[in-house]
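Survey of secondary and tertiary structure
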Amino acid sequence: MNQLKRALIFSLMLLMVLVAVPVVASAAQDSQTTIYAISIDGEITPAMSAFLMNRLEYANRQGAEGVIIEIRTLGGRVDSAIEMRDAIIASGIPVVAYIESRAISAGALISIAADTIIMAPGSHIGAAEPVPNEPKALAFVSGEFRTTAERTGRDPEVAMAMVDITVEIEGLIGPDAILDMTANQASQYGYADHIVSGRSEVLRVMGWSNAQVIEEKPDFRYRIAQFLTSYEVASLLLLLGMLGIAAELFSPGFGAPGIVGIICFALYFAGGFMAGNTDWWAAVIFLAGIILIIIEIIVPGFGIFGIGGIVALFAGIIMAAPTVKQGVVMLTIAMAATVIAIPVFFKIFGRSRLIQRFVLATAETAEMGYTHSVANKNDLLGKTGKTMTVFRPAGSVMIDGERVDAIADGSFIDKDQLVKVIKVEGTRVIVSNYIDTDQVV
């Protein structure tokens, strides 16, 4: 009996321990500080912007102690960088920009938006001159850098010097040069709060040494979107898509050019969808354009369906681009290349099916049962008739009950005069005055 009691007591204590251990561990984990380390590596694109905004929002929802954005970029799209800048400023938790190697151009704007900037030895920040460097673009980008610096308590003149070559700062940057600061220069002018090597040192200087670090890197979906939304790839997809469709219109049946064109357009829109900068209705408008063009090829529409289809295609392409300006530029380049390629397609494949809708494609030959009024004009040679109009020198004459267009041998023949066909040259019938009225029919 005693042994049974001891066994029951032991089992009960073991059960209490097993229950208590997860609870204690969970409580310890809940009390531990959580830091999110978000990697920004490569070109700043709409996909990269969507990734950072998504991860920042998630870290805020999870109640993280802070976020470290680890930056390694040569820059990219200004509009995407502005979206990222706005998300960083709007964050409800501290954001640290850790520049591991370089934060160039758009990367500099992202870094300046952070609460704290930490740079690794040998890293640099700046060189944000807009391309193309037009007055309007320069003023816009310079203003974004200036206001961002003011908002985060940094010298706005230094930020503007990264963009505008006309800004001079004694001891830092001379005339006609764009500012690109080393880590030591950035520290001297308030653009680097610490210079340390590695994430562990970043955690130490921020007082997060004991924090649980959750790494956030772009997954496979974001990497594909990053690739597809880069300016060069998106432009190439659009170009190949238009060339493929154009080649398909010229080639008989449906084959490789059409398949390639469809795949390229699908990837063009898919990149926008994954990056979060394309709405579904842009693809719907594009598909509507294709349907209208198909209807124009099949059903006579006097060009209405074709024109509407082309407009819808262009609208869908532009709406799917990250910005209207980029969409117009990429579309213009693709259209120019397609126009240049059309003569090549014409030579290889002949007339397109769309052109054949408006142009007679077959010859009306005698073998096919067609007859031509010009074929029997040689029979008129030697015949006589009466002029129906004044010849000056061309006019009409009635011969054998039929009206015939002719040319006078002289310069003038009056109406109701008897004439004789003296020569036939192809379609030309030449007549002259005829005197012997007895032979007129």
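All values reported here derive from a predicted model rather than from experimental measurement.

1. What about the overall build of the protein chain?
Summing up its helical and strand segments, the protein chain has 15 helices and 13 strands in all. A total of 441 residues make up the protein chain; the buried ones form 40% of that total. Of all intrachain contacts in the protein chain linking residues separated by at least 6 positions in sequence, the fraction that spans at least 24 positions is 61%. A total accessible area of about 23800 Å² is found for the protein chain, and carbon and sulfur atoms account for 62% of it.

2. Section: the packing of aromatic side chains
In this structure the tally under the stated criterion is 2 aromatic pairs. Ring centres of Tyr36 and Tyr58 lie 5.9 Å apart, and the angle between their planes is 85 degrees; this geometry places the pair in the edge-to-face category. Linking Tyr36 in strand S1 (residues 34–41) with Tyr58 in helix H2 (residues 46–61), this pair joins segments that are 22 residues apart in sequence. Assessed through its relative accessible area of 26%, Tyr58 is described here as partly exposed. With centroids separated by 4.8 Å and ring planes inclined at 50 degrees, the aromatic side chains of Phe265 and Phe286 adopt a geometry described as tilted. Of this pair, Phe265 sits in helix H11 (residues 256–275) while Phe286 sits in helix H12 (residues 280–298), and the two are 21 residues apart along the sequence. Just as Phe265 is buried, Phe286 falls in that class too.

3. Notes on the side chain of Ser80
Here Ser80 lies in helix H3 (residues 78–90). Sequence-distant contacts of Ser80, defined by excluding residues within four places in its chain, comprise Ile44, Thr45, Pro46 and Ser49.

4. A look at the pairing of strand S3 (residues 95–104)
Burial within S3 is extensive, with 7 of its 10 residues counted as buried. Inspection of the sheet shows strand S2 (residues 66–73) paired to S3 by 6 bridges, in the parallel sense. Directly across from Thr73, in S3, lies its bridge partner Ala103. Once you follow S2 into H3 and on to S3, the crossover reads as right-handed. Handedness of the crossover joining S3 and strand S4 (residues 116–119) through helix H4 (residues 106–113) is recorded here as right-handed.

5. Observations regarding the nonpolar core
It is characteristic of soluble globular proteins that their nonpolar side chains tend to be buried jointly. Core analysis: the biggest nonpolar cluster contains 56 residues, and Ile40, Ile125, Phe145, Met162, Met181 and Tyr191 have the highest contact counts within it. Beyond its immediate stretch of four places on either side in the chain, Met181 contacts Met119, Ser123, His124, Ile125, Val158, Met162, Leu172, Ala186 and Tyr191.

6. Focus on the packing of H4 against helix H5 (residues 135–151)
The interhelical angle for the contact between H4 and H5, taken along N-to-C directions, is 20 degrees, at an axis separation of 9 Å. Classified by the angle between their axes, H4 and H5 sit roughly parallel to one another. The two elements H4 and H5 meet at a crossing, and its hand is left-handed. In contact with Ala108, Leu109, Ile112 and Ala113 of H4, H5 contributes Glu144, Phe145, Thr148 and Ala149. Within the contact of H4 with H5, the residues separate by chemical class into 6 nonpolar, 1 polar and 1 charged.

7. Remarks on the sheet that holds strand S9 (residues 384–387)
Pairing in this closed barrel of 5 strands is mixed, and the strands run S9-S10-S11-S13-S12 around the ring. Averaged over all pairs of adjacent strands, the angle between strand axes in this sheet comes to 55 degrees, irrespective of strand direction. In this structure, strand S10 (residues 394–399) lies alongside strand S11 (residues 402–408), joined through 6 bridges in antiparallel fashion. What sits directly across from Ile399, in S11, is Glu402.

Rules of the game
Residues numbered from 1 in each chain as written. Predicted model: local features only at pLDDT ≥ 70, side-chain atom pairs only at ≥ 80, totals over all residues. Heavy atoms only, no water. Helix = DSSP H or I, 4+ residues; strand = E, 2+ residues; numbered from the N terminus. Buried < 20%, exposed > 50% of the residue type's maximum accessible area, 1.4 Å probe, protein only. Contact = heavy atoms within 4.5 Å. Areas by Shrake-Rupley, 256 points an atom, 1.4 Å probe, with all protein chains shown as cover. Phe/Tyr/Trp six-rings, centres within 6.5 Å; stacked < 30°, edge-to-face > 60°. Pairing = 2+ DSSP bridges. Right-handed = clockwise from strand over helix to strand, strands pointing away. Core = buried A, V, L, I, M, F, W, Y, C linked by side-chain atoms within 4.5 Å. Axes fitted to C-alpha atoms, helices over the stretch in contact; angles between N-to-C directions. Parallel < 35°, antiparallel > 145°, perpendicular 65-115°, else oblique. Left-handed = near helix turned anticlockwise from the far one by under 90°. Nonpolar A, V, L, I, M, F, W, Y, C, P; charged D, E, K, R; others polar.

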